[in-house]
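Below are the chains, spelled out letter by letter.
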Amino acid sequence: MSLVSGPGRGGADDDKLPEELMLSVDQHVKYIQSLDTRKDELEYWLTEHLRLNGLYWGLTALHLLGHPEALPRDDVLTFVLSCMHDNGGFGAAPGHDAHMLYTVSAVQILTTLDGFDELEQKVPGGKAKIGRYIANLQDRETGAFAGDEWGEKDTRFLYGALNALSLMHLLDAVDVDKAVHHVAACANFDGGYGAGPGAESHSGQVFTCVGALTIAGRSDLIDRDRLGAWLSERQLPNGGLNGRPEKLEDVCYSWWVASSLAMIDRLHWISADRLQAFILKCQDAELGGIADRPGDAVDVFHTVFGIAGLSLIGHPGLEEVDPAYCMPKAVTRRALGGR
Amino acid sequence: MASHGIPRVSSSEVPTEQSRLKEAQKIVQYRHLADLVNHKYGEGQLDIDSLSLTSKLLTKNPEYYSIWNYRRRILQHLMPNSTPTTNSYSYENELKFLLPLLIQFPKCYWIWNHRVWVLEQADTSLPLEAALAFWREELGLVSKMLARDSRNFHGWRYRRLVVKHLEALCSNHDVAEGSSLRSTHQIVEDEFDYTTKMIETNLSNFSAWHNRSLLIPRLLDNRQAGRDERKVMFESELALIHKALYTDPYDQSLWYYHNYLLQHFDPAQQQSATTTIYSPSNEESIHWLRHELDLLRELCDDEDGCRWIYQALVECSTIYTEVDRDTQHTLTRDLQLWLQKLQDLDPLRFKRWKDAEAGLLVRTKA
Ligand SMILES: [Zn+2]
């Protein structure tokens, strides 16, 4: 197996040197800083539809790593605001259509950088506009949320809506009770949640549903023991976590599973040591970045979710992460006030 | 930017001048095409040439969601509510364009979404028979997709959506003809048979077990089944899962479904008609639970190292003590032993079993 991709890096056997348990902080910072300079790679252009998400992932990773200044604040804000549409929604990059997924990333970045004054300067009434864009995507009958005007519904969008609106103190703009009711209808017999009523349980969707209920203050509706059991079964002998029964482990599930366990006070039901060892095996200690599995190509998506997972289980030297928002706890505390 | 399963390239592999040039050329071509399409989108051009350009771009990059939006605007313009024969571009054309993309990118949300959108357009603008034919074809397509990857999340979700649409169309259809609702019911029966087929092919297909748990209560409702028929169904599901567990007691998909059946005995579990096969009486629950415990102990003798059996023993006897309080002190000692066994067998979840043991002690004292 071609898992080993360089001396001292991922994929080698157990019994490693203690350095194997060290997070390569400087390399990860450099890796994230380098992301916008890779314009000579086709991949850079093919992933333009993820640019604003990517910025949120990179920025959050840097904050958790304790290097919040590593991306210039003004440049980030200028880029974010250049993605905004007249209707209050944001696209993935300038010229891309507005969609819930990018609007949420924009709000998360604006919150992290405390940039709402800059927003109001450029777009007077901008915050209220964003709130209206999101509120208009709620189906007032079912409580569910669409991703954009084309109407696809998914608990990912509902979660995003509650996440962004709560950060802006605009939750009143939507019918939270109906949204909560919809999430409750997505629960399955195994204790997990799906993308909609009747959809199979999936760790990513569990995160969005548990996150939405937590933000709405209705985690009392969760069957904690049953869900906790299902989530804890996601840990495999190699320490990694999977998304569904009988699937492979993947670093991004470190976040979705572990944060959900944290929100229902069951994080101790998995082995933090083994999870930590797995995530660290997935990092590229030489060039920075974290991959889905040991020896695979790194990307900023798995980098932030790996680091956030490590923060959750208390890896030394990292800023504390908020499990419901995937943002630094210091930031959500400031934005939400005393949370 | 979010890659899965792509091997890391070693830092010592410096790209050659030739490969660098080739990459640069590809970037120029791609950006030229993207700029051209975006320019046309900005100008609001909704002609067939623009449509072909979006085809070209989306084939290179199906994640480019804005271009799917543009494409829908073009299609809305090209395919208004007129008969399809008068148009040079049809729903068939669009579905055919999407097929190879779906096969190549089965996990791309936007392609699945777009396909649903196209079919919904056909719904509103074509005669019922024609629309029905489209949706029926989809069932065949998604079966092929699931034959390639039997756990594809999008595939199963799409399947349930297609079935929902077919049911809605059929019931309208039947009402119009004044006949019974048989065909709607037939769809649910067929879907149930499909899950049986998928499970027979591969026991470990949790997606199929999950769908089965949703279909059975609906199927019984459709049949207007009484208690006897429901009981027969419940017993046959128990028999099916027992057979499967004897085949592979290490398969967690099976244990989840087993757990779903066990929940039927649990008085603490809120029973709702949409998730329940049968509501057993207290005596029936006790009878079945006793049988279940015997069977699990037997399984345990053969497979002493299988933690799933101990988990099921814990679950089963916990419910048993709820149903029949008299069993509490006889089962408590066993429960404690099984929970300790789980702490040994399952070190990853050690603290979960510790919590369960502590909970047991609290319950027995109360
Ligand atoms: Zn992943």
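The shown structure was predicted, so the numbers you read here are calculated from the model rather than taken from an experiment. (Residues numbered from 1 in each chain as written. Chains lettered and ligands numbered in written order. Predicted model: local features only at pLDDT ≥ 70, side-chain atom pairs only at ≥ 80, totals over all residues. Heavy atoms only, no water.)

A. Structural context of the overall build of chain A. Scanning chain A for helices and strands turns up 15 helices and 4 strands. The C-alpha radius of gyration computed for chain A amounts to 19 Å, which stays within 12% of the reference 20 Å derived for 339 residues, consistent with globular compactness. Oriented by its inertia axes, the alpha-carbon framework of chain A measures out at about 55 × 45 × 40 Å. For chain A, with 339 residues in total, the buried portion stands at 65%. Contacts spanning at least 24 positions in sequence make up 65% of the contacts within chain A whose residues lie at least 6 apart. Only carbon and sulfur atoms are counted for the fraction: they give 51% of the accessible area of chain A, which is about 12200 Å². The positive charge centre, built from 29 side chains, and the negative charge centre, built from 48, are 3 Å apart in chain A. (Helix = DSSP H or I, 4+ residues; strand = E, 2+ residues; numbered from the N terminus. Rg over C-alpha atoms; globule rule 2.2 N^0.38 Å. Buried < 20%, exposed > 50% of the residue type's maximum accessible area, 1.4 Å probe, protein only. Contact = heavy atoms within 4.5 Å. Areas by Shrake-Rupley, 256 points an atom, 1.4 Å probe, with all protein chains shown as cover. Lys, Arg positive; Asp, Glu negative; His and termini not counted. Charge placed at Lys NZ, Arg CZ, Asp CG, Glu CD.)

B. Fine view of the coordination of the zinc ion. Taken together, Asp250(A) (OD), Asp250(A) (OD), Cys252(A) (SG), His302(A) (NE2) and His4(B) (NE2) make up the full set of protein donors to the zinc ion, lying 2.0 to 2.5 Å away. With Asp250(A) in the loop between α11 (224-232) and α12 (251-263) and His302(A) in helix α14 (residues 300-312), this residue pair connects regions lying 52 residues apart in the sequence. Owing to a relative accessible area of 0%, His302(A) belongs among the buried residues under this scheme. (Donors = N, O, S within 2.8 Å, 3.2 Å for Na, K, Ca; no water.)

C. Structural view of unusual backbone geometry. All names here are of chain A. The backbone of Asp-114 sits at a positive phi, close to 55°, despite the residue not being glycine. Checked against the element boundaries, Asp-114 lands in the loop between α5 (100-112) and α6 (116-122). Positive phi outside glycine occurs at Glu-246, with the angle close to 65°. Residue position: Glu-246 is located in the loop between α11 and α12. Relative accessible area serves as the criterion here: at 37%, Glu-246 is assigned to the partly exposed category.

D. Molecular detail of the interface of chain A and chain B. In this complex, chain A contributes 74 residues to the contact, which on the side of chain B involves 58 residues. Between chain A and chain B lies a buried interface of about 5800 Å² when both sides are counted; carbon and sulfur atoms form 51% of it. Viewed at the interface, chain B and chain A are joined by 7 salt bridges. Residues Arg73(B) and Glu149(A) are paired through a salt bridge, measuring 3.2 Å at the closest nitrogen-oxygen approach. For the interface between chain A and chain B, the tally reads 43 residue pairs in polar contact (both at pLDDT 80 or more). Residue assignment for the side of chain A that touches chain B shows that the elements contributing at least two residues are α2 (42-46), α3 (51-64), α11, β2 (298-299) and α14 of chain A. (Buried area = accessible area lost by both parts, 1.4 Å probe. Salt bridge = Lys/Arg side-chain N within 4 Å of Asp/Glu carboxyl O. Polar contact = N/O pair within 3.5 Å; in protein donor to acceptor, adjacent residues only side chain to side chain.)

E. Just empty space enclosed by the protein, in detail. Residues and elements named next belong to chain B. Scanning the model with the defined rule gives 2 cavities of 30 Å³ or more in all. Put simply, the second largest cavity is a space of about 40 Å³. Lining the second largest cavity, in full, are Thr-321, Gln-328, Thr-332, Leu-335, Leu-360, Arg-363 and Thr-364. Mapped onto the lining of the second largest cavity, the elements with two or more residues apiece are α14 (328-345) and α15 (350-365). Partitioned by chemical class, the residues of the lining of the second largest cavity number 2 nonpolar, 4 polar and 1 charged. (1 Å grid on protein atoms, 1.4 Å probe; cavity = no way out; pocket = protein on both sides within 12 Å on 5 of 7 lines; lining within 4 Å. Points joined across faces, edges and corners; volume = space filled by probe spheres on them. Nonpolar A, V, L, I, M, F, W, Y, C, P; charged D, E, K, R; others polar.)

F. Main features of the side chain of Thr303(A). Residues and elements named next belong to chain A. With respect to the helices and strands, Thr-303 occurs in helix α14. Of the residues examined, Thr-303 reaches a relative accessible area of 0% and is grouped as buried. Within polar-contact distance, the side chain of Thr-303 engages the backbone nitrogen of Ile-290 at 3.0 Å. Filtering out sequence-adjacent residues up to four positions away, Thr-303 remains in contact with Tyr-31, Ile-32, Gly-289 and Ile-290.

G. Structural detail: the packing of α12(A) against helix α13 (residues 272-281) of chain A. All names here are of chain A. With their axes 9 Å apart at the nearest point, α12 and α13 run at an angle of 150° to one another. The handedness of the crossing between α12 and α13 comes out as left-handed. Counted together, Val-251, Ser-254 and Ala-258 of α12 and Leu-275, Phe-278 and Ile-279 of α13 form the full contact between these two elements. Its residues assigned to classes, the contact of α12 with α13 comprises 5 nonpolar, 1 polar and no charged. (Axes fitted to C-alpha atoms, helices over the stretch in contact; angles between N-to-C directions. Left-handed = near helix turned anticlockwise from the far one by under 90°.)

H. Highlighting the UniProt feature "domain: Prenyltransferase alpha-alpha toroid" (unreviewed entry) in chain A. Within this structure's numbering, the places UniProt gives as "domain: Prenyltransferase alpha-alpha toroid" (unreviewed entry) are residues 23-327 of chain A. The distance separating the terminal C-alpha atoms of residues 23-327 of chain A is 19 Å; by composition the span is 49% helix and 2% strand. (UniProt positions renumbered as here; feature names shortened; annotations may be inferred.)

I. Structural context of α11(A). Counting buried positions over the 9 residues of α11(A) gives 7, a clear majority of the element. Buried residues belonging to α11(A) abut α10 (203-215) and α12 of chain A together with α11 (252-262), α13 (307-323) and α15 of chain B.

J. Structural view of the pattern of salt bridges. All names here are of chain B. Enumeration over the complete set of coordinates arrives at 36 salt bridges over all chains. One salt bridge connects Glu-284 with Arg-227, and the closest N-O pair in it is separated by 3.5 Å. Of this pair, Glu-284 sits in helix α12 (residues 282-302) while Arg-227 sits in helix α10 (residues 227-247), placing them 57 residues apart in sequence. The exposure class assigned to Glu-284 is buried, which follows from its relative accessible area of 17%.

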